[in-house]
Amino acid sequence: MYEGAVQDLIDELGRLPGVGPKSAQRIAFHLLATDAADVRRLVDALTEVKARVRFCEICGNVAESETCRVCADPRRSDEVICVVEEPKDVVAIERTREFRGKYHVLGGAINPLDNVGPDDLRISELMSRLADGSVTEVIIATDPNVEGEATATYLSRLIGPMGVTVSRLASGLPVGGDLEYADEVTLGRAFEGRRVVGA
């Protein structure tokens, strides 16, 4: 549609997840209209993140050194590991301030349609972490979709025989939601995960 560098920029932006052709075009023209200093800061931030950020050798979370801040924190329990799909899931759980154990980032979920199998994920690294017997519980916090459920089922069957307690995050109705708009699966999960209300 456009010539040379502008179209190249739109094409590259369009390759980013969640950025469609229209969004890529809007971002490209926003960058063209932005001060050179602002664009330079963006370029510097992108260059810096690629140069400094890596994945934690223990859990697979993002880190600026060999281990992430969670794995390096001696106050965190080594007995409980929460398994998540992506580093962004660690951030979501940390915001709750409810979990005081450690994490394991799989790097995705089992998805046969995209040719992602167990060997493509950090499952062998998880099994290595469980081998010494110090972990007493694994909390599976994969997404509540088909891929996340398949991954959770696979992991629970793999870990179960090791004598480690395997639990799954509860799922159900969101706070502030209406029953009439909930789908059958969500309502079913809400019934399964119901708990007694204290008197």
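Residues numbered from 1 in each chain as written. Predicted model: local features only at pLDDT ≥ 70, side-chain atom pairs only at ≥ 80, totals over all residues. Heavy atoms only, no water.

If you tally the helices and strands in the chain, you get eight helices and six strands. When its helices and strands are written in sequence order, the chain yields α-α-α-β-β-α-β-α-β-α-β-α-β-α. Taken over C-alpha atoms, the radius of gyration comes to 21 Å for the chain, far larger than the 16 Å a tight globule of 199 residues would show. For the chain, the C-alpha atoms occupy an extent of roughly 65 × 50 × 40 Å along the three principal directions. Within the chain, the fraction of its 199 residues that count as buried is 29%. Taking the contacts inside the chain whose residues are at least 6 apart along the sequence as the reference set, 49% of them involve residues at least 24 apart. (Helix = DSSP H or I, 4+ residues; strand = E, 2+ residues; numbered from the N terminus. Rg over C-alpha atoms; globule rule 2.2 N^0.38 Å. Buried < 20%, exposed > 50% of the residue type's maximum accessible area, 1.4 Å probe, protein only. Contact = heavy atoms within 4.5 Å.)

The subject of this paragraph is helix α1 (residues 4-14). Of all the residues in α1, the buried ones are Q7, I10 and L13. The buried residues of α1 occupy an angular sector of 125° when projected down its axis, which confines them to one face. On the buried face of α1, the contacting elements are α2 (21-33). (Arc of directions from axis to C-beta.)

With that settled, the discussion passes to a nonpolar patch on the surface. A surface patch of nonpolar side chains, about 490 Å² in accessible area, is lined by M1, Y2, F29 and L32. Position of M1 relative to the elements: it lies in the segment before α1. (Patch = residues over 30% accessible without salt bridge, like charges linked within 9 Å, V, L, I, M, F, W, Y side chains within 5 Å. Areas by Shrake-Rupley, 256 points an atom, 1.4 Å probe, with all protein chains shown as cover. Salt bridge = Lys/Arg side-chain N within 4 Å of Asp/Glu carboxyl O.)

Once that is clear, we can look at the sheet that holds strand β4 (residues 102-105). The strand order across the open sheet built from four strands is β4-β3-β5-β6, with neighbouring strands paired in parallel fashion. Each having just a single partner strand, β4 and β6 (165-168) make up the two edges of the open sheet. Strand after strand, the sheet turns through a mean of 25° between neighbouring axes, direction not considered. Packing of helix α5 (residues 87-96) onto the sheet brings it into contact with β3 (80-84) and β4, and relative to β4 it is tilted by some 155°. Across the sheet, helix α6 (residues 123-130) lies against β3, β4 and β5 (137-140), angled at about 150° from β4, the strand it touches most. (Pairing = 2+ DSSP bridges. Axes fitted to C-alpha atoms, helices over the stretch in contact; angles between N-to-C directions.)

Here R122 lies in the loop between β4 and α6. In this structure R122 is buried but unpaired, with E125 as the nearest side chain of opposite charge at 4.3 Å. (Lys, Arg positive; Asp, Glu negative; His and termini not counted.)

Before going further, it helps to examine the nonpolar core. In this structure, C56, C68, C82, V84, I93, F99 and Y103 are the most contacted members of the largest nonpolar core, which totals 16 residues. What F99 contacts, discounting residues up to four positions off in sequence, is R76, V80, I81, C82, I93, E94 and I139. (Core = buried A, V, L, I, M, F, W, Y, C linked by side-chain atoms within 4.5 Å.)

Let's shift gears to the side chain of Q7. Within the secondary structure, Q7 sits in helix α1. Assessed through its relative accessible area of 17%, Q7 is described here as buried. Those residues within four positions of Q7 in sequence are excluded, and the remaining contacts are M1 and Y2.

The next point concerns the pairing of β3. The element β3 is largely enclosed, with a buried count of five among its five residues. Side chains V80, C82 and V84 of β3 all project onto a buried face; the interleaved residues I81 and V83 project onto the opposite face, where all are buried too. On the question of chirality, the crossover connecting β3 to the parallel β4 by way of α5 is right-handed. (Right-handed = clockwise from strand over helix to strand, strands pointing away.)

Attention now moves to the environment of L32. Structurally, L32 is set in helix α2. Placed 71 residues apart in sequence, L32 and Y103 show a C-alpha to C-alpha distance of 41 Å.

Regions with low pLDDT carry predicted coordinates that are not meant to be interpreted in detail. Here the chain averages 91 in pLDDT, while 99% of its residues score no lower than 70. The secondary-structure element of the chain with the lowest mean pLDDT is helix α8 (residues 184-192), recorded at 78, while β4 shows the highest, at 98. (pLDDT = per-residue confidence, 0-100.)

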